[in-house]
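Descriptive analysis of the structure
Here are the chains, one letter per residue:
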Amino acid sequence: MGLGGCIILIAVGAILTFATDWHMQGVNLDLVGIILMIVGLIGVSTFSSIARRRRVMVPPSTPVIDEEGTHHHRRDGYSDGYGV
């Protein structure tokens, strides 16, 4: 379940809890709405922690030395002729 699904669960739970006054035999819709909101919040927190771990830190551009050791090149994406 992605972030959108979690937000939908929170929205449906809030609608059931706060915006309806339906009464069903044997079903407490307020409790169902609260459960859906809690599950949505758990999903959002899980999704954000997983997304935070997936971020990759790119190291700063480092100089690359030729095989002869005489030329220094920077690998910053612009020194190879593109974007100049």
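Coordinates for the structure precede this section.
Quick look at the overall build of the protein chain
Scanning the protein chain from N- to C-terminus turns up two helices and two strands. In the protein chain, 37% of the contacts between residues at least 6 apart in sequence involve partners at least 24 apart. Accessible area of the protein chain: about 7,100 Å², with a carbon and sulfur share of 64%.

Some points on helix H2 (residues 29–54)
Compared with the 38 Å implied by 1.5 Å per residue over 26 residues, the 37 Å span of H2 between its first and last C-alpha is a close match. For H2, the elements touching its buried residues are helix H1 (3–19). At the N-terminal end of H2, a side-chain oxygen is found 3.3 Å from the backbone nitrogen of Asp-30, two or three residues along, and the residue is Asn-28.

Some words on the side chain of Thr-17
Mapping Thr-17 onto the fold places it in helix H1. With a relative accessible area of 14%, Thr-17 lands in the buried category. A polar contact of 2.9 Å, which involves the side chain of Thr-17, links it to the backbone oxygen of Gly-13. When residues no more than four places from it in sequence are discounted, the contact partners of Thr-17 are Asp-30, Gly-33, Ile-34 and Met-37.

Quick look at the side chain of Thr-20
Among the secondary structure elements, Thr-20 is positioned in the loop between H1 and H2. Look at Thr-20 and you get buried, because its relative accessible area is 19%. Among the polar contacts made by the side chain of Thr-20, one reaches the main-chain carbonyl oxygen of Leu-16 at a distance of 2.8 Å.

Cut-offs used in this document
Residues numbered from 1 in each chain as written. Predicted model: local features only at pLDDT ≥ 70, side-chain atom pairs only at ≥ 80, totals over all residues. Heavy atoms only, no water. Helix = DSSP H or I, 4+ residues; strand = E, 2+ residues; numbered from the N terminus. Contact = heavy atoms within 4.5 Å. Areas by Shrake-Rupley, 256 points an atom, 1.4 Å probe, with all protein chains shown as cover. Expected span 1.5 Å × (residues − 1). Polar contact = N/O pair within 3.5 Å; in protein donor to acceptor, adjacent residues only side chain to side chain. Buried < 20%, exposed > 50% of the residue type's maximum accessible area, 1.4 Å probe, protein only.

Note that every value here comes from positions in space, so none of it alone points to a role or purpose.
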